[in-house]
Amino acid sequence: MEIQLWKAVLTPYELAVKELTVKFEHLIKEYKDCGMYSPIEQVTGRVKSISSILEKAQRKGIPLENVEEDMYDIAGIRIICQFVEDIQLVVEMIRKRSDMEIRDERDYVKHVKESGYRSYHMIVGYEVETLLGTKEINVEIQIRTLGMNFWSIIEHSMQYKYQKNIPEHIKKKMLKAAQTIVVLDSEMSAVRGEIMDAQNRMQIQSNMISDILNNIQNLYHVANKREIAKIQDEFYRIYEMNDMERLERFGKELDIIAEGYRAQALDQD
Ligand code: 0O2
């Protein structure tokens, strides 16, 4: 392939990575807005560099004209979860989506690779709209825990340093580290319920406070200064008590006050 054509070939992959990153990030936001624990902790995406495409094509004997059909990870999305259990939830979520067609799945969490690598891989077909029309491309989605990600980043750097010929003693160390991550993941799973409760509580409280502050801010335009000062003092007093139920009651009372002002404003129009 001519060098200057690579840029044009990769453009739809860049679009797919951008779109999918936004979509998965939006799911995190939706969970948070509902005060729910999100099985997705973080999303990143990348388009494989040309040098990496050339290296993989050579390694796997893929002719350059077949790269788009036969190399499935030119566009890559990485979804990071807090707990191993979340991986399956994310897999189910992706299976149900209408904008991605599952082409292949590889469970390297159950079937750990020889190197110690663990991750769940899905190859999905995804449509992008370009100047030349609709194009369906392959995207590789890697789903893994924070621990698996840590291991894999370090091991990937080792592969780069030793040009895929990692010395035996380092391979052994990486295998041992991989086993430690398995133990760490399972110890974290044992406290998943408790951590989810705590995170849910934190999210609900944070949403509640942001609604209250929003309401107070809006009242500045309509209520008199003395009333706002009173409401503000009351908010700080309740906030310091660290009592969610009282905070919730206060939020509801504030909603009623804000609603009253809104109705008044409508009457005046
Ligand atoms: P990069 O630089 O991350 O893009 P296969 O069908 O198994 O022969 P393929 O297509 O490599 O070959 O599929 P596989 O095994 O599912 O791996 C795809 C990607 O998963 C790799 O892409 C890596 O990102 C990651 N991966 C797989 N095995 C390992 C491993 O042992 N260690 C680490 N750190 N990552 C791994 P690339 O193109 O190899 O690399």
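Check the entry above for the structure.
Residues numbered from 1 in each chain as written. Predicted model: local features only at pLDDT ≥ 70, side-chain atom pairs only at ≥ 80, totals over all residues. Heavy atoms only, no water.

### Let's talk about a nonpolar patch on the surface
Point 1. Taken together, the side chains of Leu184, Met188 and Val191 make up a nonpolar region of the molecular surface, amounting to roughly 210 Å² of accessible area.
Point 2. Here Met188 is to be found in helix H6 (residues 168–190). (Patch = residues over 30% accessible without salt bridge, like charges linked within 9 Å, V, L, I, M, F, W, Y side chains within 5 Å. Areas by Shrake-Rupley, 256 points an atom, 1.4 Å probe, with all protein chains shown as cover. Salt bridge = Lys/Arg side-chain N within 4 Å of Asp/Glu carboxyl O. Helix = DSSP H or I, 4+ residues; strand = E, 2+ residues; numbered from the N terminus.)

### A short note on the environment of Arg97
Point 1. For Arg97, the position within the fold is in the loop between helix H4 (84–96) and strand E3 (101–107).
Point 2. Sequence-wise, Arg97 and Lys164 are 67 residues apart; in three dimensions their C-alpha atoms are separated by 36 Å.
Point 3. Ignoring sequence-local partners within four residues, the contact set of Arg97 consists of Lys23 and Leu27. (Contact = heavy atoms within 4.5 Å.)

### Points about the site of the ligand
Point 1. Lys48, Lys60, Lys113, Ser115 and Glu155 are the nearest of the 18 residues found near the ligand.
Point 2. Between the ligand and the protein, one listed contact pairs an oxygen atom with a side-chain N or O atom of Arg46 at 3.2 Å.
Point 3. Here an oxygen atom of the ligand sits 3.3 Å away from a polar atom, N or O, in the side chain of Asp73.
Point 4. Taken by itself the ligand offers 740 Å² of open surface, and the protein chains cover 77% of this.
Point 5. When contributions to the shell around the ligand are tallied by element, the ones reaching two or more residues are helix H2 (50–60), strand E5 (133–145) and helix H5 (146–161).
Point 6. Ranked by residue count, the leading element in the shell around the ligand is H5, at four residues. (Near = heavy atom within 4 Å. Polar contact = N/O pair within 3.5 Å; in protein donor to acceptor, adjacent residues only side chain to side chain.)

### Structural notes on H6
Point 1. Here H6 is 23 residues long and its end C-alpha atoms lie 34 Å apart, about the 33 Å a rise of 1.5 Å per residue gives.
Point 2. For H6, the complete set of buried residues consists of Ile170, Met174, Ala178, Ile181, Asp185 and Ser189.
Point 3. Structurally, H6 contributes buried residues whose contacts are with H4, E5, H5 and helix H7 (192–222). (Expected span 1.5 Å × (residues − 1). Buried < 20%, exposed > 50% of the residue type's maximum accessible area, 1.4 Å probe, protein only.)

### Remarks on the packing of aromatic side chains
Point 1. Taken as a whole, this structure holds five aromatic pairs when the rule is applied.
Point 2. Both rings, one in Tyr37 and one in Phe83, keep their centres 6.4 Å apart while their planes meet at 40°; by these two values the pair is tilted. With Tyr37 in the loop between helix H1 (3–33) and strand E1 (42–47) and Phe83 in the loop between strand E2 (75–81) and H4, this pair connects stretches of sequence that are 46 residues apart.
Point 3. Using a relative accessible area of 3% as the deciding quantity, one classes Phe83 as buried.
Point 4. Put simply, the rings of Phe235, Tyr236, Tyr239 and Phe250 pair up and form one aromatic cluster.
Point 5. A cation over an aromatic ring shows up here: Arg97 above the ring of Phe24, its NZ or CZ 5.9 Å from the ring centre.
Point 6. Looking at Lys113, its charged tip hangs above the ring of Tyr108, at a distance of 4.9 Å from the centre. (Phe/Tyr/Trp six-rings, centres within 6.5 Å; stacked < 30°, edge-to-face > 60°. Lys NZ or Arg CZ within 6 Å of the ring centre and 35° of its normal.)

### Quick word on the pattern of salt bridges
Point 1. Here the structure, examined in full by the defined rule, presents 18 salt bridges.
Point 2. The partner of Arg103 in a salt bridge is Glu136, with the nearest N and O atoms 2.0 Å apart. Separated by 33 residues along the polypeptide, Arg103 in strand E3 and Glu136 in strand E5 bring together distant segments of the chain.
Point 3. Residue class for Glu136 comes out partly exposed when judged on its relative accessible area of 37%.

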